[in-house]
Amino acid sequence: MRFYDVTDLAVRNLRESIFRNSLTTIGISVGVASLVAMLSLGIGLQQLASRRLQKSGLFDTVVATSRRDLRNLRERGEDGPAPADSPALDEAERRKIEQLPGVVEAYPDIRFVTEVRFDDKPHLTTVAGVPFSAKTNNDAFDGIQGSFFSSETAPEVILQKSFAEELLGIRSKPGSNTETNIVELAKPLIGKELTMRYAERTTSPSAPPLASLSESPSKTGPSDGAAYSVVSRQQTLKIVAVTDLDPDSLRGTGRARVFLPLKLAQDLHVMQSDLRDTSANSAPTYSSLSVRVTNPNQVPAVEEAIKKMGFSAFSLVDATRSMRQFFAVLDGFLAIFGSLALAVASIGIVNTLVMAILERRREIGIMKAVGASDADVRGLFVAEACAMGLVGGTFGVALGWVIGRLINFGTNIYLERQHFPPAEIWSVPLWLVLGAIAFSVFVSLVSGLYPAARAARLDPVQALRYE
Amino acid sequence: MNTSLAVSTENVCRHYPMGEALVRAVDGISIDIGAGEFVALLGASGSGKSSLLNLVAGLDRPTSGAVIVHGDNLAALSREQLAKYRLHTVGMVFQSFNLIPSMTLLENVELPMRFAEVDRRERSALARRALERVGLGGRLAHRPTELSGGEQQRASLARALINHPKLLLADEPTGNLDSRTGTEIMDLIRSFNQSLGMTVLMVTHEQALAEKYAGRMLHLADGRLIQDIHPGDRPNDNAPDISSVKAPAPRGEKR
């Protein structure tokens, strides 16, 4: 029989006992709905967790540090080249790291404590450089109020919320749930200017020295040969945005409350606390670089490559691995519980079709008498099972989606009462929709095999005698 | 009589167990039916005429012996081949019509063409023509239950002939009809036998009907052939001549 005829006859037969077949199909729908509901909850929770973690930038970043920094060796106790002959983490090496497969960018960490004046009042804070790529590649700056830096070297700043509150003289009361609205904070600040005072490290003798130090090579390590001066400078910066980013969450800019474009921060040659050579005349060397990779899976390979180059590297990829493992197990359990209802539904299919054989015994006999082969009869019953699976699966996915929305709605009411921000703990990706329908059809097909084989084996003489 | 053989059975048996007993429904029948013949199978209830018809129809398989239809031994065919044989070589008409009640007449007649994978567009036109030929052109969209017995049997005839079979098998085709309607159906069957040259094997228990339409009558009793009457050598008395046939074995004999 042709595909059209099988489908046509199957649909006709299903319509003949519409009530019973509808009940069976509803059973499948409920089964699929519970499966979809369970899995979307698992997926939603996983997405929620990984979104938070990805925002932190912790899991797609490898930190490369020079082994010359003795503190690193003491802390991590790694083997490798001795500090004296290990390579310097300079601009050339940075470029090399950037060329590694899977690496998006490698940028230095610039962070320093300095004084910022606003409205003629001094404020002491940590300032950090932010790579321009954070605009598009990092969710961390998604929720800013205002706009991101206009260019890589624009004299602009983004303020962390608590610093904005400090500038405006608002004290957030600890323990109170009434949080200041970031929009309200941004309004009076955006467009205003603040002055950052900082110390520039320079080798230029012409600059008026604020303090002058003469260092011998033995004191500062192999790369720092020259004497340098520290010059007091100030830079006017325009406030472009306020972010409610948690200051602890961004690794590269940890605990900073004022953010500058990274390139600008580099160009300013600010003297950082560890007396690294950042002066304009020599090629810069870095104590550490943040290496961002295209996706967390590539972290181990990049880490390995950086170690081979003679640097220390570390990442928090192990933490994501166990998180993934946890969600894989959770999804597995949810899928098993969700599938239980579908298993019950599949027994319903077997039952319905076995009943249909009894009911349509004579009809099967007639079809065989006029020339239907075993395969024709088998195909017809399998098609009926698949049709119920398809319809049941489709309605089931829709039903699962509705259940999910309701749970999400309920959860958010609860979260709101507990003074938490609303969260999307529910996610039904397209693959789950298609996968659930396909699974439903597959389960129905398997359930239909036994009744179909029974119908195909029916003896036509016996069947025709049946009234 | 046509010289080529349409159906030939060689000592064919169909035995089946029923509880402790062995039922010999067909018990060693050998017959030859030429192409184009109109043969009536006569006998009392339980004489084995329907069982023999089922063997020739390929709905059942013999316990022993052979059923050869147009050169093919049905006993040697696979289930798949047997289905093909039923589809293309034989057409069947039953006492209870056996139309599918959920389908219209047109759909019922189209059904064998679905299994034969006839093109959808062609199918409808062919079924329509077949129903018009049996006088049901105005009843295409009716369901079987909306029709009289005679109309249902005509539709069933249209369905039996739709794939152009060589052999028409009829199991008590007039059994559920009044005599006038029965005659109409028999006239139709005869017209197909004569105009299309189709071999007809008809089971009936009505001697008169067989005499009027059939060219040959085979009398069965207890699964055996007791008399084979050809048109020329019909005896003058009405009673069947059983003197030459040995007494049949008792039925329900212990195994």
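Keep in mind it's a predicted model, so treat the numbers as computed, not measured.

Before going further, it helps to examine the overall build of chain B. Of regular secondary structure, chain B possesses 7 helices and 10 strands. Expressed as a percentage of the 255 residues in chain B, the buried residues total 46%.

Counting its regular elements, chain A contains 15 helices and 12 strands. By the burial criterion, 41% of the 467 residues in chain A qualify as buried. For chain A, the share of sequence-separated contacts (at least 6 apart) that also reach a separation of at least 24 residues comes to 81%.

Residue and element names in this part refer to chain A. Mean pLDDT over chain A stands at 78; residues scoring 70 or higher make up 79%. Contacts for the low-pLDDT stretch residues 71–78, under 50 throughout, to residues beyond four places or in other chains number 8 contacts. Note that residues 277–281 has pLDDT below 50 and, in this model, 18 contacts with residues that lie over four places away or in other chains.

Before going further, it helps to examine the interface of chain B and chain A. Listed per partner, the contact involves 20 residues of chain B and 18 residues of chain A. Considering every element that reaches the side of chain B that touches chain A, the biggest residue donor is helix 2 (residues 79–88) of chain B, with 5 residues. Residues that form the side of chain B that touches chain A fall into these classes: 9 nonpolar, 3 polar and 8 charged.

Ranked by size, the top nonpolar core spans 121 residues in total, and within it Leu41(B), Val56(B), Leu131(B), Leu169(B) and Leu201(B) carry the most contacts. Once you skip the residues sitting within four places of it in the chain, Val56(B) turns out to touch Val7(B), Val67(B), Val69(B), Leu169(B) and Leu201(B). One finds Ala106(A), Phe148(A), Leu237(A) and Leu260(A) within the second-largest nonpolar core, a separate group that totals 54 residues.

Now for the sheet that holds strand 10 (residues 224–229) of chain B. Residues and elements named next belong to chain B. Taken in spatial order, the 6 strands line up as 6-7-8-3-9-10 in an open sheet, and their pairing is mixed. Edge positions in the sheet fall to strand 6 (90–93) and strand 10, since each of these pairs with one other strand and no more. The mean angle between the axes of side-by-side strands here comes to 20°, regardless of whether they run parallel or antiparallel. For strand 6 and strand 7 (residues 167–171), the ladder comprises 4 bridges, and the chain directions are parallel. The partner of Gly91 across the bridge, within strand 7, is Leu168. With respect to the sheet, helix 5 (residues 149–161) is in contact with strand 6 and strand 7, its orientation differing from that of strand 6 by roughly 170°.

A few words now on the environment of Arg201(A). Along the chain, Arg201(A) turns up in strand 7 (residues 193–202). Linking Arg201(A) and Leu268(A), residues 67 residues apart in sequence, is a C-alpha distance of 8.9 Å.

To continue, consider the pairing of strand 3 (residues 111–118) of chain A. Every other side chain in a regular strand lies on the same face of the sheet, so the side chains alternate between the two faces. All names here are of chain A. Pairing of strand 3 with strand 4 (residues 121–130), which is carried by 8 bridges, proceeds in the antiparallel orientation. Residue pairing across strands places Arg111 opposite Ala128, the latter belonging to strand 4. Adjacent in sequence and paired antiparallel, strand 3 and strand 4 are bridged by 2 residues, among which Asp119 carries a positive phi angle near 60°. Relative to strand 7, strand 3 runs antiparallel, the two sharing 3 bridges. Looking across to strand 7, one finds that Val116 is bridged to Met196.

Let us now look at helix 1 (residues 3–16) of chain A. All names here are of chain A. Relative to the 20 Å expected for 14 residues at 1.5 Å per residue, helix 1 spans 20 Å between its end C-alpha atoms, a close match to the ideal helical length. When we look at burial in helix 1, the residues that qualify are Asp5, Leu9, Ala10 and Leu14. The arc enclosing the buried residues of helix 1, seen along the axis, measures out at 160°, which places them on a common side. Exposed positions of helix 1 whose direction lies more than 90 degrees from the buried face are Tyr4 and Arg15.

It is worth spelling out unusual backbone geometry at this point. All names here are of chain B. One non-glycine residue, Glu172, lies in positive phi territory at about 50°. Mapped onto the secondary structure, Glu172 falls in the loop between strand 7 and helix 6 (179–196). For Asp222, which is not glycine, the phi dihedral falls at a positive 50°. With respect to the helices and strands, Asp222 occurs in the loop between strand 9 (216–221) and strand 10. According to the C-beta neighbour criterion, Asp222 is partly exposed, with 19 such atoms within 10 Å.

Below, the discussion takes up the packing of helix 3 (residues 105–115) of chain B against helix 5 of chain B. All names here are of chain B. Interaxial distance between helix 3 and helix 5 falls to 8 Å at its minimum, and their mutual angle equals 25°. In terms of orientation, helix 3 and helix 5 fall into the roughly parallel class. Crossing handedness for the pair helix 3 and helix 5: right-handed. In this structure, helix 3 contributes Leu105, Asn108, Val109, Leu111 and Pro112 to the contact, and helix 5 contributes Ala155, Ala158 and Arg159. Among the residues forming the contact of helix 3 with helix 5, the class breakdown is 6 nonpolar, 1 polar and 1 charged.

Next up on the list: the sheet that holds strand 2 (residues 21–34) of chain B. All names here are of chain B. In space, the 4 strands of this open sheet follow the order 2-1-4-5, with antiparallel pairing throughout. Since the sheet does not close on itself, it has two edges, and those belong to strand 2 and strand 5 (72–73), each with one partner. In this sheet, strand 5 lies alongside strand 4 (residues 64–69) in antiparallel orientation, the contact comprising 2 bridges. Directly across from Val69, in strand 5, lies its bridge partner Asp72.

With that settled, consider the packing of helix 13 (residues 374–417) of chain A against helix 14 (residues 430–457) of chain A. Each packed pair of helices is defined by two parameters, the angle between the axes and the distance between the axes. Residue and element names in this part refer to chain A. The geometry of helix 13 relative to helix 14 is characterised by a closest axis approach of 7 Å and an angle of 150° between their N-to-C directions. Accordingly, the angle class assigned to the pair helix 13 and helix 14 is roughly antiparallel. Crossing of helix 13 over helix 14 shows right-handed handedness. Among the residues making up the contact of helix 13 with helix 14, the classes are represented as 20 nonpolar, 9 polar and 3 charged.

Attention now goes to helix 4 (residues 120–133) of chain B. All names here are of chain B. With 14 residues, helix 4 ought to run about 20 Å at 1.5 Å a step, and its terminal C-alpha atoms sit 20 Å apart, in line with that. If you check which residues of helix 4 are buried, you get Arg123, Ala127, Ala130 and Leu131. With its buried residues spanning 95° around the axis, helix 4 presents them on a single face. Away from the buried face of helix 4 by more than 90 degrees, exposed residues Arg121, Glu122 and Ala125 are located. Considering only its buried residues, helix 4 is in contact with helix 3 and helix 5. Downstream of helix 4 by a residue or two, Gly135 has a phi angle that is positive, lying close to 80°.

Conventions and cut-offs
In this convention, every chain numbers its residues from 1, walking through the sequence in written order. All chains are assigned letters beginning at A, and all ligands numbers beginning at 1, according to the order in which they are written. Under the rules for a predicted model, residues below a pLDDT of 70 receive no local features and side-chain atom pairs below 80 are neither given nor counted, while totals for whole chains, interfaces and linings still include all residues. Strands are runs of DSSP state E lasting at least two residues, helices are runs of H or I lasting at least four, and both sets are numbered from the N terminus onward. Residue burial here comes from a neighbour count, namely the number of other C-beta atoms, placed from the backbone, that lie within 10 Å of the residue's own C-beta, with 20 or more meaning buried, 12 or fewer meaning exposed, and in between meaning partly exposed. C-beta atoms are placed from the backbone for every residue, and two residues are taken to be in contact when these atoms lie within 7 Å. pLDDT measures how confident the predictor is about each residue, on a scale from 0 to 100. Residues were grouped as follows: Ala, Val, Leu, Ile, Met, Phe, Trp, Tyr, Cys and Pro as nonpolar; Asp, Glu, Lys and Arg as charged; and all remaining residues, including Gly, as polar. A set of buried residues drawn from Ala, Val, Leu, Ile, Met, Phe, Trp, Tyr and Cys, joined through C-beta atoms within 7 Å, is what defines a nonpolar core. The pairing criterion is simple: DSSP has to find at least two bridges between the two strands. An axis is simply a line fitted to the C-alpha atoms; with a helix, the fit covers only the stretch in contact. Between two such axes, the angle follows the N-to-C directions and lies from 0 to 180 degrees. Here a helix's expected span is defined as the number of its residues, less one, multiplied by 1.5 Å. Throughout, the arc means that of the directions going from the helix axis to the C-beta atoms. In this scheme, roughly parallel covers angles under 35 degrees and roughly antiparallel covers those over 145, while 65 to 115 is roughly perpendicular and the rest are oblique. A clockwise turn of the near helix away from the far one marks a right-handed crossing, whereas an anticlockwise turn of less than a right angle marks a left-handed crossing.

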